[in-house]
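Coordinates in review
Chain residues, written in single-letter form:
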Amino acid sequence: MDQNVALEVELEKKKFLRKLGCLAWGLLLLFGPFILIAAVFLYQLNFKEDTLLTSTSPKLTNTIEIVEKGEPFLFGPYTIRIKYDGEHVDTEVNNGLKSLNESNANVRWIRDNKAEITVDGEGQSPSIIIFDAEASPYFVVEETDEE
């Protein structure tokens, strides 16, 4: 008699686990596409990087990379990330309805280890970032007068 009860308990346990598995797969199939779309949208807005400009110092010892980080939400500002040796600084650029390109950033090397980076958009004052490979931090954002 105990074997019959044990078999019935085992069968009920298997039925329950089978139902639970079907429920989990059903939820995954139902919500999976929404989760996938949300993940792609989050990546596009916050993590995707498109290189705008890469500049190397005159003696080829330092390289600065300027990338567009993510995409603006609706008609918001673009985020530009300036990177060197694992460090970075972010700045925002309004460019109207136009996409960013390499003309929105300019690097002028003062010395082999120092540069002036200008980031400009439409209808705003340019942002000036000073890069110094011998300083900590590498980047210093200078204040600019509003137009």
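That block above? That's the structure.
Quick look at the structure, then. Bear in mind the structure is a predicted one, so any value in this text is a computation, not a measurement.

To continue, consider the overall build of the protein. Check the secondary structure of the protein and you find 1 helix and 8 strands. Mapped in sequence order, the helices and strands of the protein form the string α-β-β-β-β-β-β-β-β. Taking the principal axes of the C-alpha coordinates as reference, the protein spans close to 90 × 35 × 25 Å. Across the 147 residues in the protein, those meeting the buried criterion constitute 29%. Taking contacts inside the protein between residues at least 6 apart in sequence as the whole, the part at least 24 apart equals 36%. Here the protein displays about 10500 Å² of accessible surface, and carbon together with sulfur accounts for 58% of that area.

What follows deals with the pairing of strand β2 (residues 63-69). For strand β1 (residues 49-56) and β2, the ladder comprises 7 bridges, and the chain directions are antiparallel. Opposite Ser55, over in β2, you have Ile64 as the bridge partner. Between β1 and β2, which pair antiparallel and follow one another directly, the connecting turn spans 6 residues, one of which, Leu60, has a positive phi of 60°. Sheet topology note: the β2/strand β3 (residues 78-84) ladder contains 5 bridges and is antiparallel. In the strand pairing of β3, Ile66 is matched with Ile82.

Pairing is antiparallel across the open sheet formed by 4 strands, whose spatial order is β1-β2-β3-β4. Strands at the two margins of the open sheet, each flanked by one partner only, are β1 and β4 (87-93). With direction set aside, neighbouring strand axes in the sheet form an average angle of 20°.

Each value, and the rule that gives it
Residues numbered from 1 in each chain as written. Predicted model: local features only at pLDDT ≥ 70, side-chain atom pairs only at ≥ 80, totals over all residues. Heavy atoms only, no water. Helix = DSSP H or I, 4+ residues; strand = E, 2+ residues; numbered from the N terminus. Buried < 20%, exposed > 50% of the residue type's maximum accessible area, 1.4 Å probe, protein only. Contact = heavy atoms within 4.5 Å. Areas by Shrake-Rupley, 256 points an atom, 1.4 Å probe, with all protein chains shown as cover. Pairing = 2+ DSSP bridges. Axes fitted to C-alpha atoms, helices over the stretch in contact; angles between N-to-C directions.

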